[in-house]
Amino acid sequence: MSMSVQEFALSHNEPQWLTVKRIVANDMKNTMRVPAPLRKFHFESPELNPRSIDTQNLAPKNLQDLGIIMMDLFAAANEFPELIQENLMEKAIYWRDNALNANHLAYLQSGGFVFIPKDVCVDESIDISDLVDHNMQEKHLLIIAASGSEVSFTYKDSKQQPKNDRLMIEVLLGDHANVSFYDAAMTNSEKSHRVLNAYLAQNANLKTYVGLFNHGDSRYYSNIDLDGMGSSARINLVSLSDQNQNQVVQTKIINKSPNTSGLISQRGIVADKSKTVYDTTGQIKLEASDSDSDQISRLLTLSPESKGKIDPILLIDNHDVVAGHAASVGKVNPEQLYYLKTRGIDAKTARFLLTRGFLTPLIEKFPDKSVQEHLLNNLEERIHG
Amino acid sequence: MISIDKSIQHLNDDYQYGFKDDVKPVFSTGDGLTEDIVREISAQKHEPEWMLDIRLNAFKIFQKLPMPEFGPDLSDLDLSKIRYFQRATDSVSRSWDDVPENIKNTFEKIGVPEAERKYLAGAEAQYESEAVYANIKKEFADMGIIFSDTDTALKEHPDLVKEYFGKLVTPQMNKFAALNTAVWSGGVFLYVPKGVHAKIPIQAFFRINAGRTGQFERTLIIVDEDASVNYVEGCTAPNYSEDSLHAADVEVFVKKNAFCRYTTIQNWSDNVYSLETKRASADENATMEWVDGNLGSKVTMKYPSIDLNGPYANGTMLSIAFASGDIYQDTGCIMRHHAPHTSSNVVSKSICKDGGTCNYRGTIRMIEDAHYSKSHIECDTIIMDDDSMSDTIPHNDIYNGDSEIEHEAKVSKISETDLYYLMSRGLSEAQATKMIIMGFIEPFSNQLPMEYAMELNKLIDYQMEDSVG
């Protein structure tokens, strides 16, 4: 039995301001646009069913001692209303941007909230995969790293997924915060939509590592605002598509202040009849002097029927900058293939070794060994067969 | 009085070709555009019925199509205030002596006759809408090369024109391609027969003289099998307070094993909207090259394209754009790989200063059948000061897995290390800056015929004045 947005909100006892916001979003979504590229991912609203909420701090004991909070988003909305009210879909992802965002807020089913207090440093990577319920369609993560903190997060999808899957991640970094985010996207959903938007204050530093290994049609979107002076961001992404898969990766770093630096580095393998699109934008605003913006995008096509598309865009308003992009689409280097074959390796294995070598440098950066193995196994299964 | 004279002098100094001749057009259609005007233009030229049909069809499409929704703002361009057709002289003159004196003065100033006398194969000058002077050296005529203005070609070689006209640039492509097809006048027609090599460049010159004028030349170049040609054109206009429109359509057909290089230096004054549609096709083993310099105009939107239709066809685009002041250069190129083993090469250099905007907007597309194709794209931009902007918007689509695209772009200011080095050798900052800029565009300028390279140097020199780092 399905519930209305209001009934759902009441069922898990969320604060009134959030319920009101959701109802407003639900009412307003019909007046909003759905941008053309997003139309395919404008899912039907999910069925809402009552869920029990764990109101505890879910962080492991050692992290709790450092003051770190990891909670269900709805429980956190009661506990830290000012933090959530100010930041949830207001800063990094804005709910009024399009009908899709508004619908996501209205029908938000499961969410997680992470708060890293000032100057807290954690060496090992924090696994935040279980903060959201992977069976749900509309999922959300809100991460706030206060000034001076230094942490890294790992998120990985579980095997069971709904038909349509959407995860929106907001990362907010205070002054001098230093965050790494490892994201292993490996859903079996028919359609999968992942968003990671970030907002950086002065001298903050964000690195994201993304392994995009979904099986269905997928879209990865990331928009990073370098708002504070001296902030910097790196997006490192590897992707794999095969069969009839359709994959779109849209990444954007905006340099808004002086001395900021953005680098987008992406590599993808396109096999069988699949298609991969890299739509990459580096934007330097007029105020952002002494900044740099760089992009490297490479696609490796494995079959004559594979399709690749790269749109590396630079929008430069300031002259005191260095900006560039390099993009290439191409097949496996025949000389390298030939070399491996002369060493007695059959063509299929040689091809697999070369594609594996193409992605491994990034996959090896994942701190969690099991995630690394999982990604590499997935690659082997799909390419080597 | 003296001070007024001086200020007039100063105004004229602003733009090298900013002199304006007092030529009253013999015939003008007046402001704005209606179907009657399209009919009138066609009737004035005594055109065959099929051409009128093409014009009227294009006019209908022109009315339906929207203005371009990307790039520069065209809202100041008032299409109802443009004079769509005017004729400066009654007949197209064949011999230089017959050209009216004041029109001749203009060409003396821009150097057409000298150029012709020196070593150019044939020069054609388009003044407002129609060619006033067209000639080609006798030896080329003997080889069978047809070089005339398009109106004359329509009279003398109607079959050739009918076979190729509008086959590449169709009115559906964009609003201004449709407008040109409806009201086209003048332009160059060049036919190089099978196996003929025109060893010396063939040259044309275009000039807008009156304000609020639309110049819609239609250029049609056909290079038959195993032939080759090098075609060069230049464009200027005087300063006017009202805006002028230049919407040219250019079609180039390069047949099997043929070669064509099309060189343009566009130096319109800063009141000209230059909205051009250029498209070439290259058959098996043919080579097509666009060499494209954009130095002036108010707004330029120009994306020359090449359809690589035959196996092993090759397309090259070499361009520079220089935007200073309020100039908005939105240029780029489109390469459509339609056959296997085709290759393309794009080199684009842009410089913007004093608030200018230079954008690169390009597309490389390789369809399913274009196996084993290759493309290399390089876009470099120098932004010289804080007021200037540059966007790079490339699209690289590969619809098969056997082809390769490499794309590189760089946007930066003038390297401080280079500047420091040159200044340590005793050059002033201005000299050093100029030298770096000249070096930056060298891959382009050394592809130009000598006198064009010199003119380019002069123009850059002039644009770089008072600009320091």
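Here the structure is a predicted model, which is why all the values come from computation and not from measurement. (Residues numbered from 1 in each chain as written. Chains lettered and ligands numbered in written order. Predicted model: local features only at pLDDT ≥ 70, side-chain atom pairs only at ≥ 80, totals over all residues. Heavy atoms only, no water.)

A. Broad picture of the overall build of chain A. The secondary structure content of chain A amounts to 9 helices and 17 strands. Expected size for 385 residues packed as a compact globule is a radius of gyration near 21 Å; at 21 Å, chain A falls within 12% of this value. Considered along the principal axes of its C-alpha atoms, chain A spans approximately 70 × 55 × 45 Å. Across chain A, every contact between residues at least 6 apart in sequence was considered, and the portion connecting residues at least 24 apart equals 81%. When the accessible area of chain A is evaluated, it comes to approximately 14900 Å², of which 46% is carbon and sulfur surface. (Helix = DSSP H or I, 4+ residues; strand = E, 2+ residues; numbered from the N terminus. Rg over C-alpha atoms; globule rule 2.2 N^0.38 Å. Contact = heavy atoms within 4.5 Å. Areas by Shrake-Rupley, 256 points an atom, 1.4 Å probe, with all protein chains shown as cover.)

B. Inspection of the overall build of chain B at higher detail. What chain B contains, in helices and strands, is 13 helices and 25 strands. By residue count, 62% of the 469 residues in chain B fall in the buried class. For chain B, restricting intrachain contacts to residue pairs at least 6 apart in sequence, the fraction spanning at least 24 positions comes to 84%. When the accessible surface of chain B is summed, it comes to about 17800 Å², and 49% of that surface belongs to carbon and sulfur atoms. (Buried < 20%, exposed > 50% of the residue type's maximum accessible area, 1.4 Å probe, protein only.)

C. How the structure looks around the packing of aromatic side chains. According to the stated counting rule, one finds 11 aromatic pairs over all chains in the structure shown. Taken together, Y182(A), Y209(A) and F366(A) form an aromatic cluster joined through their ring pairs. Stacked on the ring of W184(B), the Lys or Arg K45(B) has its end atom at 5.8 Å from the ring centre. We note K349(B) situated over the ring of F440(B); from NZ or CZ to the ring centre the distance is 4.9 Å. (Phe/Tyr/Trp six-rings, centres within 6.5 Å; stacked < 30°, edge-to-face > 60°. Lys NZ or Arg CZ within 6 Å of the ring centre and 35° of its normal.)

D. Broad picture of the packing of helix 10 (residues 416-424) of chain B against helix 11 (residues 429-440) of chain B. All names here are of chain B. In contact at an axis separation of 9 Å, helix 10 and helix 11 are set at 125° when each is read in the N-to-C sense. As judged from the angle between their axes, helix 10 and helix 11 are oblique. Once helix 10 is placed against helix 11, the crossing between them reads as right-handed. In this structure, helix 10 uses D418, L419, L422 and M423 to contact helix 11, whose residues at the interface are E429, A432, T433, M435 and I436. Class assignment for the residues of the contact of helix 10 with helix 11 results in 6 nonpolar, 1 polar and 2 charged. (Axes fitted to C-alpha atoms, helices over the stretch in contact; angles between N-to-C directions. Parallel < 35°, antiparallel > 145°, perpendicular 65-115°, else oblique. Left-handed = near helix turned anticlockwise from the far one by under 90°. Nonpolar A, V, L, I, M, F, W, Y, C, P; charged D, E, K, R; others polar.)

E. Structural view of the domain arrangement of chain A. Residues and elements named next belong to chain A. Segmentation of chain A into domains returns domain 1 (5-333) and domain 2 (334-385). Counting residues at the interface gives 31 residues for domain 1 and 22 residues for domain 2. Overall, the association of domain 1 and domain 2 removes approximately 2400 Å² of surface from exposure, summing both partners, and the carbon and sulfur fraction of that is 74%. When residues of domain 1 are sorted by the area they lose upon contact with domain 2, F213, V332 and N333 head the list and together hold 25% of the total. Of the charged contacts, one joins R382 and D242 as a salt bridge, the two residues approaching to 3.0 Å between their closest N and O atoms. Elements that contribute at least two residues to the side of domain 1 that touches domain 2 include exactly strand 5 (150-156), strand 7 (178-185), strand 9 (205-212), strand 11 (232-241), strand 13 (261-270) and strand 15 (291-301). (Domains from an automatic or database assignment. Buried area = accessible area lost by both parts, 1.4 Å probe. Salt bridge = Lys/Arg side-chain N within 4 Å of Asp/Glu carboxyl O.)

F. Just the domain arrangement of chain B, in detail. All names here are of chain B. Annotation of chain B at the domain level lists domain 1 (27-110 + 117-302) and domain 2 (415-464). With 16 residues of domain 1 at the interface, the matching set in domain 2 holds 11 residues. Of the roughly 1200 Å² buried between domain 1 and domain 2, counting both surfaces, carbon and sulfur atoms make up 63%. Connecting domain 1 to domain 2 are 0 salt bridges. The interface formed by domain 1 and domain 2 holds 1 residue pair in polar contact (both at pLDDT 80 or more) in total. Looking at the side of domain 1 that touches domain 2, the elements with two or more residues in it are strand 7 (202-207), strand 10 (228-236), strand 13 (259-267) and strand 15 (287-294). Among the elements that make up the side of domain 1 that touches domain 2, the one with the highest residue count is strand 13 (4 residues). Here the residues of the side of domain 1 that touches domain 2 sort into 8 nonpolar, 5 polar and 3 charged. (Polar contact = N/O pair within 3.5 Å; in protein donor to acceptor, adjacent residues only side chain to side chain.)

G. Molecular detail of helix 8 (residues 347-363) of chain A. All names here are of chain A. An ideal rise of 1.5 Å per residue puts 24 Å on 17 residues; helix 8 measures up with 24 Å between its terminal C-alpha atoms. The axis of helix 8 is deflected most strongly, by about 35°, at G357, and proline P361 appears within four residues downstream. Along helix 8, the residues classified as buried are A350, F352, L354, T355, F358, L359, T360, L362 and I363. Packing partners of the buried residues in helix 8 comprise strand 9, strand 11, strand 13, strand 15, helix 7 (334-342) and helix 9 (369-383). (Expected span 1.5 Å × (residues − 1). Bend = angle between axes of the 7 residues up to and from the residue.)

H. Layout of the interface of chain B and chain A. At the junction of the two partners, chain B supplies 33 residues and chain A supplies 32 residues. Here chain B meets chain A over a buried area of about 2600 Å², counting both sides, of which 48% is carbon and sulfur. The three residues of chain B that bury the most area against chain A are D386(B), G401(B) and V411(B), which together make up 18% of that side's buried surface. Taken together, the links from chain B to chain A amount to 3 salt bridges. Salt-bridge contacts for K309(A) lead to D397(B); the nearest nitrogen and oxygen are separated by 3.0 Å. Where chain B touches chain A, the interface holds 19 residue pairs in polar contact (both at pLDDT 80 or more). For the side of chain B that touches chain A, the secondary structure elements donating two or more residues are strand 24 (389-398) and strand 25 (404-412) of chain B. Top contributing element to the side of chain B that touches chain A by residue count: strand 24 of chain B, with 10 residues. Looking at the side of chain B that touches chain A residue by residue, the classes come out as 11 nonpolar, 11 polar and 11 charged. In terms of strand pairing, strand 16 (residues 307-316) of chain A meets strand 24 of chain B through 6 bridges, oriented antiparallel. In the sheet register, I310(A) faces strand 24 of chain B, and the bridge partner there is N396(B). (Pairing = 2+ DSSP bridges.)

I. Examining the pattern of salt bridges more closely. In the structure shown here, the tally under the stated rule is 35 salt bridges over all chains. In this structure, R22(A) and E14(A) form a salt bridge, with 3.2 Å as the shortest nitrogen-oxygen distance. Both residues of the pair, R22(A) and E14(A), count as buried. Among the salt bridges present, the one from E35(B) reaches R39(B), with a minimum N-O distance of 3.2 Å. Of this pair, E35(B) and R39(B) both sit in helix 2 (residues 35-44), 4 residues apart, roughly one helical turn.

J. Spatial organisation of the packing of helix 3 (residues 49-64) of chain B against helix 9 (residues 175-183) of chain B. All names here are of chain B. Put simply, helix 3 and helix 9 touch, their axes get as near as 7 Å, and they point 150° apart. One way to sum up the angle between helix 3 and helix 9 is to call them roughly antiparallel. At the point where helix 3 passes helix 9, the crossing takes the left-handed sense. Residues I54, R55, A58, F59, I61, F62 and Q63 of helix 3 form the contact with helix 9, whose own contacting residues are K175, A178, L179, T181, A182 and V183. Partitioned by chemical class, the residues of the contact of helix 3 with helix 9 number 9 nonpolar, 2 polar and 2 charged.

K. Summary view of the nonpolar core. Counting 103 residues, the largest nonpolar core has I126(A), I128(A), F153(A), L190(B), V252(B) and M288(B) as the members making the most contacts within it. With 39 residues, the next largest nonpolar core counts F8(A), A106(A), L142(A) and A146(A) among its residues. (Core = buried A, V, L, I, M, F, W, Y, C linked by side-chain atoms within 4.5 Å.)

L. Main features of helix 2 of chain B. Residue and element names in this part refer to chain B. Within helix 2, the full set of buried residues consists of I37, V38, I41 and S42. Viewed along the axis of helix 2, the buried residues span an arc of 135°, placing them on a single side of the element. Buried residues in helix 2 make contact with helix 3 and helix 9. Remark: H46 follows helix 2 within two positions and exhibits a positive phi of approximately 50°. (Arc of directions from axis to C-beta.)

M. Quick peek at the side chain of S293(A). Mapping S293(A) onto the fold places it in strand 15. In contact with S293(A), other than residues within four places in its own chain, are N255(A), G262(A), G282(A), I284(A), L314(A), V322(A), A323(A) and G324(A).

N. Inspection of the environment of Y191(B) at higher detail. Residue and element names in this part refer to chain B. In this fold, Y191 is placed in strand 6 (residues 188-192). When the C-alpha atoms of Y191 and D224 are compared, they prove to be 7.6 Å apart, with 33 residues separating the residues in sequence. If sequence neighbours within four positions are ignored, Y191 has contacts with G144, I145, I146, L160, I222 and D224. Of the polar contacts made by the side chain of Y191, one reaches the side chain of D224; its length is 2.7 Å.

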